[in-house]
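Structural characterization, general
Here is what each chain is made of, one letter per residue.
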Amino acid sequence: MRRMTRMTDMRNSLQTTMMLPLACAFSLVSATLWVPAVHAAEPTFGSFQLAANDVISSIVVEGNQRIEAETVRSYMIFKQGDVYDDAKVDQSLKALFGTGLFADVTIRREGNRLIVAIAENPVINRVAFEGNSAVNDEALETEVQLKPRTIYTRAKVQGDVQRIVDVMRRSGRFSATVEPKVIQLPQNRVDLVFEIDEGPVTKIGGINFIGNQEFSDGRLREIIATAESAWWKFLSSSDNYDPDRLAFDRELLRRHYLSEGFADFQVVSAVADLSRDGEEFFITFTVEEGEQYTFGPSEVTTELDKLDIEKLNSLILTVEGDTYDAGLIDKTVDALTFEAGTKGYAFSEVRPRVRRDKETLIAAVTYRITEGPRAYVERINIDGNLRTLDRVIRREMRMAEGDAFNRVLLERSEKSIRALGFFASVEVTEEPGSAPDQTVINVAVQEQSTGELSLGFGFSSADSALADISLTERNFMGKGQLLRLRLALSGTSQQIDLRFTEPYFLGRDLVAGVDLFGVENDFQDESGFDERVTGFGFRFGFPLSENGRILTRYALRREEITNLTTAAQAFILPRDEIKSSVGYTYYLDRRNDPVEPTGGWDLEIDQEFAGVGGSVRYVRNEIIARTYYEITEEFLASLRLKAGSIEGIGQDVNISDRFFIGGSDFRGFERSGVGPRDLVSDNALGAQAFAVASAEVTFPNFLPEALDITTSLFSDVGVVGTADQTDRFFGNAQTVDAEDDLAPRVTAGISIYWQSPFGPVRVDLSQAIKKEEYDKTEAFRFSAGTRF
């Protein structure tokens, strides 16, 4: 029994022991189930319970000097009262660094507070360049992004270092290095200095071609812009290695071959190898010429009813049987687009379709003209006008923002901007706008010198010297105004002429100007007297058409004839007279380019009537007509005709009002060297009528293009004399032994024109082929000028 009792006690004890864990487990489950009900309002994060101290009570900014604490907080992702989140802290760090305002940022917790410790980037006080001579500071300042009063960052400094290196490489300094230096200043400011080691100029040691058969290496070297280095190219940069120029050379080669019929031409590679000494590059072009094509039949197709197919076909330049030329296709597209525009189809599109037959080597072209979608000018961007005001360029645009886009007007706008003469290059392009029916016009210009200081002198057959000084600013203050001061300080003339012209008077397409002048001419050698002229004048002009303008004028002047020689008194009397005159000049321009015309013509008609008061009365007429014709790409022909006449009204024409021809008017004769002349005194008497025609042909001179020298042959033919053979010499009763033959004169010669870095230089070498015995010839004439 005792044994059974012991076993029963043990069993009860074991049951009790086993029940304790179950009871504890039940109690824990019960407690757990009641927890949500009790703490349902406490904040939680993810699947974990968060205590109240995880809520950010405040954000404290430390280390700020210039930047307000609230500005720093605005860059952060979270704010006071939010739950602390490591991911948001990381995002806030990135946002603060992304502003570029801070050199260092740390974020830490102190209890419920969030501490943001910052170190501000310094402000740049000054940016300087040292060691540069090939590229001036102004050019580098336009390239770098860091400027005074901007925030300094290491990333921007490295970016500017690379930009400066690129500029140096474009100038031929391929081994240039740049080291940025930072000078610490008070108040968290720094001076940034770029120390530049330009290194030697990297020249072009040789240019070779592989795969060319139709054209020699020498011919292709003339096509590309890059040139081999030579001692005489010290004024040119074309022999410096430039990767951008090399890419342009590929395009020049492509254009050349396409213009010569090689429609399948391609540049396989263009490789530049640097020599071991690092001083020269050797460039190799590998090309595939392909076969030469000829044009097949060409036609125009269109469904636009207002267009005349016969008229359009007459504009086609791609003639069947001629050598294929991609440039002629582009010119035909332009001509057809312009013609469609003149007929009212401002949005027309001309799409050429070239069908090349590789067996017959014939390329047939079809030009299809369709009505394109309407587009409007969204914006006009002007770039590159560092000096000229925007409004000077915008007033030459034939379209304004919001107008319907018109290619014809776009072409006229570019021509009009070029005609200003203020820019070395003008490029007007278009690009899509913000909507399908919007287009953006970009006008890119490159400023050139508009101030001119011209100096001229010549040597005549009589060993006399002529000189002239003229100071002109054609773009005064960048407003397009003309200001001219001319001083003639030679031994025969003292002249001061001040002229001011406003080309856009009252904000409209009106020209207004004022002239002040004073002239003292010593005609003792030519005509045996001295002349003094003083006065002023006004000018006012306006357009009559797209290509024609008229300029009206009034002038009041006092003219004095003094110091007559004994011989001169035989045909002229001393006088002191007032001349009041009105006149006009009509100009019509039909040239294809206002700066370098290769086709078209222009006409200038001038008339002046003296007698609106004063004591001098006459009618004076002048006409100048010029035409241009491109024989080939290398030969350009031009023809100029200049003629004039003057008739007195109830009185004889004064000698000072007559025409004195010679010099630049009639090359081969000195100033006043051709025309009526007194044989006793050897004085020029001036002409009442003249006509001079000049023919000139520009031809290749086989000099390197880098020298920028052009040559031309010319011939001048004309007659100079008086139309009135009775009482023709100023009403003096004395007999004058004068010669006045309306016989033709002929001269010929060669002109050399050099566009030097200092300004234009022109030399005329001429020979009088047909002349009169009393004419004064001039075999050499020189003129030069500089620009600023």
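For the structure given in this document, a descriptive report is provided here.

1. What to know about the nonpolar core
What tends to happen in soluble globular proteins is that the nonpolar side chains get buried as a cluster. By size, the foremost hydrophobic cluster in this structure holds 21 residues, and its most contacted members are Val 300, Leu 307, Tyr 324, Leu 336, Tyr 367 and Ile 369. Considering each element in turn, this core owes the most residues, 5 residues, to helix H9 (residues 326-342). Setting aside its immediate chain neighbours within four residues, Tyr 324 contacts Leu 258, Ser 259, Glu 260, Gly 261, Ala 263, Tyr 293, Thr 294, Phe 295, Ile 329, Val 354 and Ala 363. Membership of the second largest hydrophobic core comes to 20 residues, among which are Phe 129, Met 168, Val 190 and Ile 196.

2. Points about the side chain of Arg 539
For Arg 539, the position within the fold is in strand E23 (residues 530-543). A polar atom in the side chain of Arg 539 sits 3.2 Å from the backbone oxygen of Phe 500. Within the structure, Arg 539 has its side chain in polar contact with the side chain of Asp 515 (distance 2.8 Å). Look past the residues within four positions of Arg 539 in its chain and what remains in contact with it is Arg 499, Phe 500, Thr 501, Val 511, Ala 512, Gly 513, Val 514, Asp 515, Leu 551, Thr 552 and Arg 553.

3. Some words on the environment of Arg 387
Counting through the fold element by element, Arg 387 comes out in the loop between strand E15 (376-383) and helix H10 (390-394). What makes Arg 387 partly exposed here is its relative accessible area of 39%. For the pair Arg 387 and Met 477, spaced 90 residues apart in sequence, the C-alpha separation works out to 7.8 Å. The residues contacting Arg 387, other than those within four sequence positions of it, are Glu 447, Thr 450, Glu 473, Asn 475, Met 477 and Gly 478.

4. Some thoughts on helix H5 (residues 154-170)
Look at H5: 25 Å from first C-alpha to last across 17 residues, which is about the 24 Å you get at 1.5 Å a residue. All buried positions along H5 are accounted for by Val 157, Asp 160, Val 161, Ile 164, Val 165, Val 167 and Met 168. The buried residues of H5 occupy an angular sector of 160° when the element is viewed end-on, so they sit on one face. Residues Ala 155 and Gln 158 are exposed on H5 and point more than 90 degrees away from its buried face.

5. Focus: unusual backbone geometry
Negative phi characterises most residues that are not glycine, and trans characterises most peptide bonds. A positive phi angle, near 70°, is found at Arg 149, a position not held by glycine. Positive phi, close to 60°, is recorded for Gln 187, a residue that is not glycine. Along the polypeptide, Gln 187 turns up in the loop between strand E7 (177-185) and strand E8 (189-197).

6. Some details on the sheet that holds strand E9 (residues 203-210)
If you trace the 3 strands from one edge of the open sheet to the other, you get E9-E11-E10, paired in mixed fashion. Each edge of the open sheet is held by one strand with a lone partner, namely E9 and strand E10 (266-274). Each adjacent strand pair in this sheet contributes to an overall mean axis angle of 15°, direction not counted. In this sheet, strand E11 (residues 280-288) lies alongside E10 in antiparallel orientation, the contact comprising 8 bridges.

7. Side note on empty space enclosed by the protein
All told, the structure shown has 3 cavities of 30 Å³ or more when counted by the stated rule. Estimates place the volume of the largest cavity at around 60 Å³. For the largest cavity, the lining is made up of 14 residues, of which Ser 672, Val 674, Gly 675, Pro 676 and Ala 684 are closest to its centre. When its volume is computed, the second largest cavity comes out at roughly 50 Å³. Residue lining of the second largest cavity: Gly 663, Arg 667, Gly 668, Phe 669, Asp 764, Ser 766, Glu 778, Ala 779, Phe 780 and Arg 781, and that is the complete set. Mapped onto the lining of the second largest cavity, the elements with two or more residues apiece are strand E35 (759-770) and strand E36 (780-787). Residue composition of the lining of the second largest cavity, by class: 3 nonpolar, 3 polar and 4 charged.

Definitions and limits used
- Residues numbered from 1 in each chain as written.
- Predicted model: local features only at pLDDT ≥ 70, side-chain atom pairs only at ≥ 80, totals over all residues.
- Heavy atoms only, no water.
- Core = buried A, V, L, I, M, F, W, Y, C linked by side-chain atoms within 4.5 Å.
- Buried < 20%, exposed > 50% of the residue type's maximum accessible area, 1.4 Å probe, protein only.
- Helix = DSSP H or I, 4+ residues; strand = E, 2+ residues; numbered from the N terminus.
- Contact = heavy atoms within 4.5 Å.
- Polar contact = N/O pair within 3.5 Å; in protein donor to acceptor, adjacent residues only side chain to side chain.
- Expected span 1.5 Å × (residues − 1).
- Arc of directions from axis to C-beta.
- Pairing = 2+ DSSP bridges.
- Axes fitted to C-alpha atoms, helices over the stretch in contact; angles between N-to-C directions.
- 1 Å grid on protein atoms, 1.4 Å probe; cavity = no way out; pocket = protein on both sides within 12 Å on 5 of 7 lines; lining within 4 Å.
- Points joined across faces, edges and corners; volume = space filled by probe spheres on them.
- Nonpolar A, V, L, I, M, F, W, Y, C, P; charged D, E, K, R; others polar.

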